[in-house]
6 protein chains.
Amino acid sequence: MKRLLVTGAAGGLGKAMRGRLKSVADTLRLSDIVDLGDGQPHEELFTCDLGDRDQVFRLVEGCDGIVHLGGISVEDKFSKIMNANILGLYNLYEAARANGMPRIVFASSNHTIGFYQQNEYLNGDVPFRPDGLYGVSKCFGEALAHMYHDKFGQETALVRIGSCMEKPTNHRMLSTWMSRNDFLSMIECIFRVPRLGCPVIWGCSNNDAKWWDNAHVSYLGWKPKDNAEQFRAELDATVPRPAPEDPIAIYQGGPFVRDPIFKED
Amino acid sequence: MKRLLVTGAAGGLGKAMRGRLKSVADTLRLSDIVDLGDGQPHEELFTCDLGDRDQVFRLVEGCDGIVHLGGISVEDKFSKIMNANILGLYNLYEAARANGMPRIVFASSNHTIGFYQQNEYLNGDVPFRPDGLYGVSKCFGEALAHMYHDKFGQETALVRIGSCMEKPTNHRMLSTWMSRNDFLSMIECIFRVPRLGCPVIWGCSNNDAKWWDNAHVSYLGWKPKDNAEQFRAELDATVPRPAPEDPIAIYQGGPFVRDPIFKED
Amino acid sequence: MKRLLVTGAAGGLGKAMRGRLKSVADTLRLSDIVDLGDGQPHEELFTCDLGDRDQVFRLVEGCDGIVHLGGISVEDKFSKIMNANILGLYNLYEAARANGMPRIVFASSNHTIGFYQQNEYLNGDVPFRPDGLYGVSKCFGEALAHMYHDKFGQETALVRIGSCMEKPTNHRMLSTWMSRNDFLSMIECIFRVPRLGCPVIWGCSNNDAKWWDNAHVSYLGWKPKDNAEQFRAELDATVPRPAPEDPIAIYQGGPFVRDPIFKED
Amino acid sequence: MKRLLVTGAAGGLGKAMRGRLKSVADTLRLSDIVDLGDGQPHEELFTCDLGDRDQVFRLVEGCDGIVHLGGISVEDKFSKIMNANILGLYNLYEAARANGMPRIVFASSNHTIGFYQQNEYLNGDVPFRPDGLYGVSKCFGEALAHMYHDKFGQETALVRIGSCMEKPTNHRMLSTWMSRNDFLSMIECIFRVPRLGCPVIWGCSNNDAKWWDNAHVSYLGWKPKDNAEQFRAELDATVPRPAPEDPIAIYQGGPFVRDPIFKED
Amino acid sequence: MKRLLVTGAAGGLGKAMRGRLKSVADTLRLSDIVDLGDGQPHEELFTCDLGDRDQVFRLVEGCDGIVHLGGISVEDKFSKIMNANILGLYNLYEAARANGMPRIVFASSNHTIGFYQQNEYLNGDVPFRPDGLYGVSKCFGEALAHMYHDKFGQETALVRIGSCMEKPTNHRMLSTWMSRNDFLSMIECIFRVPRLGCPVIWGCSNNDAKWWDNAHVSYLGWKPKDNAEQFRAELDATVPRPAPEDPIAIYQGGPFVRDPIFKED
Amino acid sequence: MKRLLVTGAAGGLGKAMRGRLKSVADTLRLSDIVDLGDGQPHEELFTCDLGDRDQVFRLVEGCDGIVHLGGISVEDKFSKIMNANILGLYNLYEAARANGMPRIVFASSNHTIGFYQQNEYLNGDVPFRPDGLYGVSKCFGEALAHMYHDKFGQETALVRIGSCMEKPTNHRMLSTWMSRNDFLSMIECIFRVPRLGCPVIWGCSNNDAKWWDNAHVSYLGWKPKDNAEQFRAELDATVPRPAPEDPIAIYQGGPFVRDPIFKED
């Protein structure tokens, strides 16, 4: 690939992938609404408010692929979520449509299905059960992607990321954790397959304690190699096990299920 | 019921239901962004922009039930859809939450699944396949309703209306048509059942040529009585049968599937 | 049929069926642990404790078919349930096996699945979710019947009776009611079909508000003719509608779900 | 329709449909390998061996639709079945492909699934379980039709006919019977729908005792009106009920399951 | 865990687990109806007839968890099975309810589904098909556990043990074998997970030749490590391969399917 | 096994298996319509036209097992396919029936389902979607095998071979490839299991990029050991990646979907 756009590149996940994605494309175009620091020779840095159509169109122009990590990634006020995750996503898809429809990796979320319980084993077809406004905005995003696929042929990988962090930091993440290297190899598979379509992909590593079934995307050939289980002893030693009535022990979305609706100012 | 709010009461469907819903509540509170004409003694008329939070809160106050027909009901510019169907719906659910969570009948749409083909028989659990921005906004609405149900207990009937008109006006509507009397009896069932939950209900009459299976909401006891088939001869006499390659003959969403993305001004 | 055994013939349902079943067999052998009143010429009356093996063997001898309504039919002490519904059922199947394996209509119960919610639509294959010791004893009975079928070829209709009464007496029964005439016609179909097997049959009339799907036993040709809906107005006028948090409005098993475990003396 | 080809028009079913199909097309082209008797003004009579490619090409030329009842319709020697039902069907599809791909109603058979038991309720997706060489040839036919649909767009209705006779003549037919008027109305629906695709349609009337679920072809709007149940009393009076171990009481394919493989001369 | 109750500790499986379970709790309370031999310092020995309510209540008092291996574990007279496995289980659950509802590992059995054939691949939701009175008693047990879970919140792991032995002793066990170390690690997972619920768990090792799918309990994080395949050569050398018509080659329950009903004395 | 018949032994796959199968039986009877070269001491060589009944009967006589690789294995004229794959298969099954019904490994094909897309994950029960006349002939073969199983008890493994070659030669084969050693171990499992039945087995190795689910035949204990992924780098270096609109990138059957119907001479 010549030029890969990575949005949200200054966020936690963005920073972690910025270096790793170097191998995927000659040039990385990085964007965020906040400062991206110094660029490398193979990097192009853009400041961009996803809610601003013109900025987004300029951002997408000339890219062969998009890893869309941008937008709000936790529960927040609806006005902010609507600007970044709803209007912003619409802008992104319109910009992609105007620019040859580069394949998109869309960072969707387990919070689209956060109200399922942890003892339910989910395939990629289960109805949405979002656990907050953030999760609802990701449901919007998946629906939008499906529509652009059915109507125009735009391909998107709908990656329902669990917890893509350096390592699990609580017991729930023994199930939801995806290592960044596994995310990288997933992205490589997504851009490698001749026909992608618009599949849901559960974003977790090869964890022993699993809630999600990726059999339906076996055609990608993605084989995650890491396993959160290796961190269990460390977690047991440092973090109290959740009580049985704690949302972190009941719901797939964990503590998000008890987040309130955030007040506008 | 003492007071039932009907939004979108000046629209095509709203006008048709305004009279019929009289039997359901002592008082009908009617709202629209356009003029509602003269009120009857049992009616309260409100002009309301659904995108205006304060107006919506005043609108919902004191109501025991809501039939939400308001918002944009065809393909349109995203800015308009976002204001009325996304921000507007969020406002409505926040207002309901602040006012005792009256049960909501949400006019969702077959355009949430418009890209399924007509020879596919759908239950209430199929993944979304919206056919345009309007359909995507209704997917958002259904996801939002699920979240308010799971998080707060707010009950909503997600009515995926086919074509609720006086009578079918093209051959596709032989499958999608719902008579207004059948819609009325559905609303009565929705408000009658002790526990509603948050079910998807396919909004069509007892048509011979059926695409949608309502078995999962049998508990409501709703038995539509009309059948679009009675209009087939009339249609055959007045409307050309669609060609096999016409979207109206292929997709459940009919012509919406070929609507373009509307340009902002 | 020459001789049909009806157990539990002095119970509420037994009394109601005693007259109706006259048409099904030349002779009705009626049994109960309590007094059966005066017999008709076509009737043979037996007092029988189902827990007494010898009595049960004598009871079954010479019968061509069995309608097993006997045993405990509400929540009770486990010792009583165990004697009548567990030991009693074992005795009945052993007696049947010793006597040519006459076909059995087993009065199972909706209380085998009483913890499903009313907005769940059940087929005949759903896992058990009994709502009390009575329901558990009926699960035992269904399992026992399956085993005698698989091992010996004994055929049984596992009729999960809803509410087989003269008419519905509360709002839950608008879904669970089975008229006695519909039960009679079901029994006729069960004895008429050349091969019965060991199917679950949901015991309800053709009610508008339905929770149970009998499609899998369509081969029986049973078409219930009554509909609890005809009693709705009368119920609305005489019985308060259940509150949304009342088990009668939530669970298929209704008030049984909150029954305690009965204390032994 | 201008010209409808009906093959097998001198067979039992062909004769019965010959008059009824008059209403469907201006001209009926009738073919059989045996004599078709005298023609009517709206009829064109062809003698045709389906195994003869040139004859079949001439037969199909100029037709707008095909009702293919021809070929062997009971168990027979493989050489005869191969010529008429395998080579013959290939010839028919090649002829259709060369002549504008007129829509085809293919008389498939319940003998494609005859080894399912009568207490199994089948949808249109169940794997084949043919009960003889005849049934196997119909499986071939359905597979061939699917291939021509996927590859070339040829549309076929795969009608798995039960027993299309004047009336049921044994107890099994209380489930398998399809009245000829219901078959006619099915054919009308098949030619009426703008897009047919290549669906399996179970060919039975609206019988009380049902084994087959046509929900997946609801889009056709076909509503069979007859019911074999009306003949039960007459059957009970004239035909002995099958014994429980008789194939007629066990298997959907009835006595075909015990047919031997026919010897070649 | 402070104190773990292990019932049936003098049985074959009990003896094998007695040592292994030492690591799971500070104190092991061991019970059986027969002699338990000498105790270790961390052991408390109880003689207990499960059919005796008072004994069972005393047994359960003060325990934090229960591994219930007790009762009859092969086909036997119904009177014995009823006392130990039906009355005994009721007593155990009542005792647990009176003592803070410690989590229970219930040794259910593959004989609850023994009449499924070996080429059927089962998930945890399949209907029961018990192969004898013993299997029926385990169906009772599973139903009882579900009821206590739904009604009171009592958690149970319903472990359908295949063959938990030192090593497989016939060819059927190449599929049903569970090593005792794998059973131990399963028990550890059961007591470790914050919320257990009331799941069915298939009790077999990671055997190549598998009949049972544990995907639905992936959330436990249990990964069996042993594989019966390592014993195939040894079995082939020492045990004749079963004939194709031998129940051991046909049914999942193996020879149990041909056990008679045991006579009472 | 004493004598194993391998048909098609001079074909590409036949040659590759000829040596490997030596370990499975004392004697290999090898047949083909073309020259088989020189025989080994443990080999019996037969020239045989599968369409010739007498030759086939002689061929099968005295064999304990059959690996049927013979017939046409690519798209061809229907006359040739009909002779070898339809008449030939009928002859083979008749010959087997006359000779004690030795177990058959039938080389079916992925071309029975070639029109499914590559992002569909298939189990063994999906309806056929053949991609040409060759694929249709294999559907016939599977249906025939099912019939002989249901009617006479003849056992067959329906192996839907992907690409059984030395190594993958294009990118599609990264999913469809089955190593010959994996095929050998599959055949060993097929002849080893006491009861085979008539299962569909997907014929591919343990490839990362998988379209087919063999969970339903886990009872065979077959664990393929090879993985096409090891050849990806080599393929990327030597073969251009398919374009997204190339059938090789879309359909499971790859280029077969665009094969024409071959003209007869």
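Residues numbered from 1 in each chain as written. Chains lettered and ligands numbered in written order. Predicted model: local features only at pLDDT ≥ 70, side-chain atom pairs only at ≥ 80, totals over all residues. Heavy atoms only, no water.

K.L.:
Would you mind going over the pairing of strand β5 (residues 103–109) of chain E in detail, with residue names and values included?
P.N.:
Residue and element names in this part refer to chain E. With respect to burial, β5 is a largely interior element, seven of its seven residues being buried. Side chains of β5 alternate between two faces, with Arg103, Val105, Ala107 and Ser109 and Ile104, Phe106 and Ser108 buried alike. Where strand β4 (residues 65–68) lies against β5, four bridges are found, and the strand directions are parallel. From the neighbouring strand, Val67 faces β5, where its bridge partner is Val105. One crossover worth recording links β4 to the parallel β5 by way of helix α3 (residues 78–98), and it is right-handed. By the bridge criterion, six bridges tie β5 to strand β6 (residues 156–161) in an arrangement that is parallel. (Buried < 20%, exposed > 50% of the residue type's maximum accessible area, 1.4 Å probe, protein only. Helix = DSSP H or I, 4+ residues; strand = E, 2+ residues; numbered from the N terminus. Pairing = 2+ DSSP bridges. Right-handed = clockwise from strand over helix to strand, strands pointing away.)

K.L.:
Give a detailed account of the environment of Ala249 of chain A, specifying residues and quantitative values.
P.N.:
With respect to the secondary-structure elements, Ala249 of chain A resides in helix α8 (residues 247–250). Under the relative-accessibility criterion, Ala249 of chain A is labelled buried at 3%. Sequence-distant contacts of Ala249 of chain A, defined by excluding residues within four places in its chain, comprise Gln118, Pro242, Ala243 and Pro244 of chain A together with Pro194 and Arg195 of chain E. (Contact = heavy atoms within 4.5 Å.)

K.L.:
Outline the packing of helix α4 (residues 133–152) of chain C against helix α4 (residues 133–152) of chain E, listing residues and values.
P.N.:
In the contact formed by α4 of chain C and α4 of chain E, the axes pass within 9 Å of each other and the chain directions differ by 150 degrees. The pairing of α4 of chain C with α4 of chain E is recorded here as roughly antiparallel in orientation. Two packed elements cross with a definite hand, and for α4 of chain C against α4 of chain E that hand is right-handed. Together, Leu133, Val136, Cys139, Phe140, Ala143, Leu144 and Met147 of chain C of α4 of chain C and Leu133, Val136, Cys139, Phe140, Ala143, Leu144 and Met147 of chain E of α4 of chain E make up the contact between the two elements. Looking at the contact of α4 of chain C with α4 of chain E residue by residue, the classes come out as 14 nonpolar, no polar and no charged. (Axes fitted to C-alpha atoms, helices over the stretch in contact; angles between N-to-C directions. Parallel < 35°, antiparallel > 145°, perpendicular 65-115°, else oblique. Left-handed = near helix turned anticlockwise from the far one by under 90°. Nonpolar A, V, L, I, M, F, W, Y, C, P; charged D, E, K, R; others polar.)

K.L.:
Describe the confidence of the model for chain A, naming the residues involved and giving the relevant values.
P.N.:
Averaged over chain A, the pLDDT score is 97; the fraction of residues at 70 or greater is 100%. Two numbers describe this predicted complex: its pTM, 0.97, and its ipTM, 0.98. (pLDDT = per-residue confidence, 0-100.)

K.L.:
Quick one: what's the story with the interface of chain B and chain D, residue by residue and with numbers?
P.N.:
Facing the 16 residues of chain B at the interface are twelve residues of chain D. For the pair chain B and chain D, the two sides together bury roughly 1200 Å², of which 53% comes from carbon and sulfur. Looking at the side of chain B facing chain D, the largest losses of area belong to Asn119, Tyr121 and Asp208 of chain B, adding up to 36% of the total buried there. Here chain B is connected to chain D by two salt bridges. A salt bridge links Glu245 of chain B to Arg195 of chain D, with the nearest nitrogen and oxygen atoms 3.5 Å apart. Taken together, the links from chain B to chain D amount to three residue pairs in polar contact (both at pLDDT 80 or more). Of the residues assigned to the side of chain B that touches chain D, the class counts are seven nonpolar, three polar and six charged. (Buried area = accessible area lost by both parts, 1.4 Å probe. Salt bridge = Lys/Arg side-chain N within 4 Å of Asp/Glu carboxyl O. Polar contact = N/O pair within 3.5 Å; in protein donor to acceptor, adjacent residues only side chain to side chain.)

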